[in-house]
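# Structure assessment
Each chain is listed here by its residues.
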Amino acid sequence: MNDTNWSILVVFGLLSVLTIGGGTAILPEMKQLTINQQHWLTDPQFRNIYALGQLAPGPNMLIVVVIGYHVAGYLGAFLAFVGFFTPASIIVLYANRVWDRFDKAEWHKTIQRAMAPMVVGFMVAGTVTITRAAISDHLTIIIALTTFAIFMMWKVNPALLVLAGAGAYMLGT
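Here we summarise the structure given alongside this text. (Residues numbered from 1 in each chain as written. Predicted model: local features only at pLDDT ≥ 70, side-chain atom pairs only at ≥ 80, totals over all residues. Heavy atoms only, no water.)

### Focus: the packing of helix α1 (residues 3–18) against helix α4 (residues 63–101)
Running from N to C, α1 and α4 cross one another at 40 degrees; their axes reach a closest spacing of 7 Å. In this structure, α1 meets α4 at a crossing whose hand is right-handed. Here the contact of α1 with α4 is composed, by residue class, of 16 nonpolar, seven polar and no charged. (Axes fitted to C-alpha atoms, helices over the stretch in contact; angles between N-to-C directions. Helix = DSSP H or I, 4+ residues; strand = E, 2+ residues; numbered from the N terminus. Left-handed = near helix turned anticlockwise from the far one by under 90°. Nonpolar A, V, L, I, M, F, W, Y, C, P; charged D, E, K, R; others polar.)

### As for the pattern of salt bridges
Scanning all chains against the criterion turns up two salt bridges. Two residues, Lys-31 and Asp-43, come together in a salt bridge whose shortest N-O distance is 3.2 Å. Of the two residues, Lys-31 is situated in helix α2 (residues 27–37) and Asp-43 in helix α3 (residues 43–55); the sequence distance between them amounts to twelve residues. Among the ionic pairs, Glu-106 bridges to Arg-113, the shortest N-O distance being 3.7 Å. The same class applies to Glu-106 as to Arg-113, namely exposed. (Salt bridge = Lys/Arg side-chain N within 4 Å of Asp/Glu carboxyl O. Buried < 20%, exposed > 50% of the residue type's maximum accessible area, 1.4 Å probe, protein only.)

What follows is the structure in C-alpha cells.
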C-alpha cells in the first residue's frame, strides 16, 4: 500500500473519531484535511461531492467513499469507508455498553445535557462550512435563500430542493 492509501486510511480514521453530533459536525475538518492539507480536492469538487451525498439515498457521510474513489480508485473508496466507519463503530459499541450501565447516575445526565449544545454547535459549524463553499455569487445567494424559505414554509423533500437549486443554477449561468 502506497503513501496515498495510508493517508486516506489515517485521514478518514481521524475524522471517524471526531464525529460527535453526526457527519455534518466534521465537515469543517474534512474540508480542511481533504482540500487544504492533502490537496485531494478543490473547493468546488468538495461542494459537489457533498451535494451528491445529500441527494443520494442512505447515510450522507458515504461521501467519504466518493472522496476515496476520487483520490485512489476502488482501493481508495474501500479504505475511506473502512477508515471512516470502523473506528467510530467500535467506539460506539463499547461506549454504549458502559453508558447503559450508568444510566441512573447523575453524571450520566450531566454529560447528556452538556453534549447537546456542543453537538448543535458542531452541526452549525458544518453548515457554515458548506454554505461558504456553496455561495459564491448573487445567483447562489438567491437560490440558497429561496430554498431555505421553501423548506421552512412547506414540507418538501430536500432532494427535490437540491435538484431544483441545481436546475436554477444551470439556467442562470
